[in-house]
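# Structural overview for review
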Amino acid sequence: MKLVIFDVDNTLTNTGRTDQDCFLQAVSYVFNVKEIDTDWSHYKNVTAIAILDQILRTKSGKPPRKREVSDMRDAFLLNLKERSKKRPAEFAEVPGAAQMMTELMKKGDYATAIATGSFADGAAFKLEFAKIPYKKYCIASGAECFTREELIDIAVTKAKSVYGVANFEKVVSVGDGIWDLKTAANIGMPFIGVGNKSLMESNGVKYWVNDFRDLPGFFNLLSTAV
Ligand SMILES: [Mg+2]
């Protein structure tokens, strides 16, 4: 069995900007900090907990407390839900994503997992809003680890347990961010880029789709990507 690990924001749902806005809103609400650098590629590690840690150490010299992180996560989810009522169009799927996941999950030789740098309940909300099916207990989130490499590792571990396999024949990562492609390169994992054509090309990404409307094309990449 092979495993496909998907990022969420701007990979399955077009929620990159919305996720960022809701995250920043929650940070300033819980920690009362402002003027935050919003280019995540400037951060040492790109997971929710790593970004939060770096913001707070820079602003106050102290890392966040556990309780504060959970308050922030609750505020973030609430922000997402309110935003989805006001601006549902911001929660659209990347074209073809729901159909692609439905078809992929029907294939007996592929397992699927989600690796989001953001929070798990937020990711579940976005996927459900866009009607994209996913394996419930195969979500690795940015609240669980500091690095993207650990995030992928957690997704693989969860998928092994859910699908009851000791190892996967092959694991492919699918994502849109510079951190997604760098992480896959660091681990030596096949990678398929989504969107961001110039970023993908300038970083030598060999396998790339604009979205998931060409299903046979994407499935072909899944089997050929090395
Ligand atoms: Mg993304």
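Remember, predicted model here, so these are calculated numbers, not experimental data.

## A look at the overall build of the chain
- Summing up its helical and strand segments, the chain has nine helices and six strands in all.
- The C-alpha atoms of the chain give 17 Å as radius of gyration, which agrees with the globular expectation for 226 residues (17 Å, within 12%).
- Taking the principal axes of its C-alpha atoms as reference, the chain extends roughly 50 × 40 × 35 Å.
- Among the 226 residues that make up the chain, the fraction classed as buried is 39%.
- Contacts in the chain between residues at least 24 apart in sequence constitute 64% of all its contacts with a sequence separation of at least 6.

## Quick notes on the domain arrangement of the chain
- Taken domain by domain, the chain comprises domain 1 (2-15 + 92-224) and domain 2 (16-89).
- Each of domain 1 and domain 2 has a C-alpha centre, and the two are 22 Å apart.
- Between domain 1 and domain 2, the contact holds 20 residues from the first and 17 residues from the second.
- Listing elements by their share of the side of domain 1 that touches domain 2, those giving two or more residues are helix H5 (120-129), helix H6 (148-163) and helix H7 (178-187).
- Residue contributions to the side of domain 1 that touches domain 2 peak at four residues, all from H5.

## Thoughts on the sheet that holds strand E4 (residues 170-175)
- In space, the six strands of this open sheet follow the order E3-E2-E1-E4-E5-E6, with parallel pairing throughout. In the strand order of this sheet, the two ends are held by strand E3 (139-141) and strand E6 (208-209), each with one partner.
- Note: strand E1 (residues 2-6) against E4, five bridges, orientation parallel. The residue of E4 that forms the bridge with Phe 6 is Val 174.

## Overview of the nonpolar core
- Formed by 57 residues in total, the largest nonpolar core has its most connected members in Leu 3, Val 4, Ile 5, Ala 113, Ile 114, Ala 115 and Ala 155.
- Viewed by domain, this core spans two of them, domain 1 (2-15 + 92-224) and domain 2 (16-89), each represented by three or more residues.
- Aside from chain neighbours lying at most four places away, what touches Ala 155 is Ile 5, Ala 113, Ala 115, Cys 138 and Ala 140.

## Examining helix H1 (residues 16-31)
- Here H1 is 16 residues long and its end C-alpha atoms lie 22 Å apart, about the 22 Å a rise of 1.5 Å per residue gives.
- All of the buried residues along H1 are Asp 19, Cys 22, Phe 23, Ala 26, Val 27 and Val 30. One side of H1 carries all its buried residues, which in axial view fall inside an arc of 140°.
- On its buried face, H1 sits against helix H2 (48-60) and helix H3 (66-86).
- One or two positions beyond H1, positive phi appears at Asn 32, with a value near 55°.

## Quick word on the packing of H1 against H3
- It is the contact of H1 with H3, at a shortest axis distance of 8 Å, that shows an interaxial angle of 135°. As the angle between them shows, H1 and H3 are arranged oblique. Both H1 and H3 take part in a crossing whose hand is right-handed. In this structure, H1 uses Thr 18, Cys 22, Phe 23, Gln 25, Ala 26, Val 27, Tyr 29, Val 30 and Phe 31 to contact H3, whose residues at the interface are Glu 68, Asp 71, Met 72, Ala 75, Phe 76, Asn 79, Leu 80 and Arg 83.
- Tallied by class, the residues present in the contact of H1 with H3 amount to eleven nonpolar, three polar and three charged.

Here is what the cut-offs are and how they apply
- Residues numbered from 1 in each chain as written.
- Predicted model: local features only at pLDDT ≥ 70, side-chain atom pairs only at ≥ 80, totals over all residues.
- Helix = DSSP H or I, 4+ residues; strand = E, 2+ residues; numbered from the N terminus.
- Rg over C-alpha atoms; globule rule 2.2 N^0.38 Å.
- Buried ≥ 20, exposed ≤ 12 C-beta atoms within 10 Å, placed from the backbone.
- Contact = placed C-beta atoms within 7 Å.
- Domains from an automatic or database assignment.
- Pairing = 2+ DSSP bridges.
- Core = buried A, V, L, I, M, F, W, Y, C linked by C-beta atoms within 7 Å.
- Expected span 1.5 Å × (residues − 1).
- Arc of directions from axis to C-beta.
- Axes fitted to C-alpha atoms, helices over the stretch in contact; angles between N-to-C directions.
- Parallel < 35°, antiparallel > 145°, perpendicular 65-115°, else oblique.
- Left-handed = near helix turned anticlockwise from the far one by under 90°.
- Nonpolar A, V, L, I, M, F, W, Y, C, P; charged D, E, K, R; others polar.

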